[in-house]
Amino acid sequence: FENIVQEDRRVLDLLDADYTFVNERLARHYKIPNVYGSHFRRVPVSDENRRGLLGHASILTATSQSNRTSPVTRGKWVLENLLGAPPPTPPANVPSLEETKVEGTLRQQMEQHRKNPVCAACHEVMDPLGFALENFNPLGQWRTKDAGMPVDAAGQMPDGVPFDGVVGLRSALLAKSDVFVSTLTEKLLIYALGRGLESYDTP
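The notes below deal with the structure included here. Here the structure is a predicted model, which is why all the values come from computation and not from measurement.

1. Some details on the nonpolar core
The biggest cluster of nonpolar side chains holds 27 residues, and the ones touching the most others in it are Leu54, Val78, Leu82, Leu129, Met157, Leu169 and Leu173. At the level of secondary structure, the elements contributing two or more residues to this core comprise α2 (13-16), α4 (57-62), α5 (71-81), α8 (117-131), α9 (165-175) and α10 (177-193). Counting six residues, the second-largest nonpolar core is a separate cluster that includes Val22, Ala27, Val43 and Ala57.

Put into structure tokens, the structure is as follows:
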């Protein structure tokens, strides 16, 4: 973000930048070769899956559980921070995914969880966005299998536009770039004012 401000770059770089900032340790995590030392430096990103914020291990880890990914948390993060459409607070007394004790991939477990009609309304919007990021494990490292099965990263936007994986999700978000720019503007204004926004802040 600091680099975008300093170089007066377009804010859409947050979604699709073909560069990132790493030190040696983080470069190893991303499998980026020839980076040595503890200082962070700008490097090109050749892997389409790593472009922009959606490929950042920091966000992918913060939106995971300690022992597994969380499509719900990841989907909620995309809704809140990139689309400006936070879901409502979940109802009380809904059992956690761990309590449902369903075998199979995380997607199969979530499908069982969504059979509760109280849960379905919100999860049908959040989960597909989160599943787009399922190729990233809880630490944001790339993977192709979950529970021994190929990762299914297909999903759809809240308006029904289909996509496949993180690259497809990024393209769908860029197609709604005006929504992302408005959301970013609101977030920056909230930060600048130190309070939430009201209707009179619109101008």
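2. Observations regarding the side chain of Asn49
Looking at the element boundaries, Asn49 is found in the loop between β2 (41-44) and α4. Not counting residues up to four positions away in its chain, the partners in contact with Asn49 are Gly55, Phe136, Trp142, Val166, Val167 and Arg170.

3. Comments concerning the pattern of salt bridges
Tallying each qualifying case throughout the model produces 11 salt bridges. A salt bridge links Arg10 to Asp13; its shortest N-O distance comes to 3.1 Å. Residue class for Asp13 comes out buried when judged on its relative accessible area of 7%. Taking the shortest distance from any N to any O, the salt bridge between Glu48 and Arg51 comes out at 3.1 Å. Owing to a relative accessible area of 39%, Glu48 belongs among the partly exposed residues under this scheme.

4. Observations regarding unusual backbone geometry
One non-glycine residue, Lys31, lies in the positive phi region at around 60 degrees. Backbone geometry places Asn34, a non-glycine residue, at a positive phi of 65 degrees. For Asn34, the location among the structural elements is in the loop between α3 (24-30) and β2. Look at Asn34 and you get exposed, because its relative accessible area is 63%.

5. Regarding the environment of Glu186
When you line up the elements, Glu186 lands in helix α10. Residue class for Glu186 comes out partly exposed when judged on its relative accessible area of 43%. Between the alpha carbons of Glu186 and Leu197 there is a distance of 7.6 Å; along the sequence they are 11 residues apart.

Conventions and cut-offs
Residues numbered from 1 in each chain as written. Predicted model: local features only at pLDDT ≥ 70, side-chain atom pairs only at ≥ 80, totals over all residues. Heavy atoms only, no water. Core = buried A, V, L, I, M, F, W, Y, C linked by side-chain atoms within 4.5 Å. Buried < 20%, exposed > 50% of the residue type's maximum accessible area, 1.4 Å probe, protein only. Helix = DSSP H or I, 4+ residues; strand = E, 2+ residues; numbered from the N terminus. Contact = heavy atoms within 4.5 Å. Salt bridge = Lys/Arg side-chain N within 4 Å of Asp/Glu carboxyl O.

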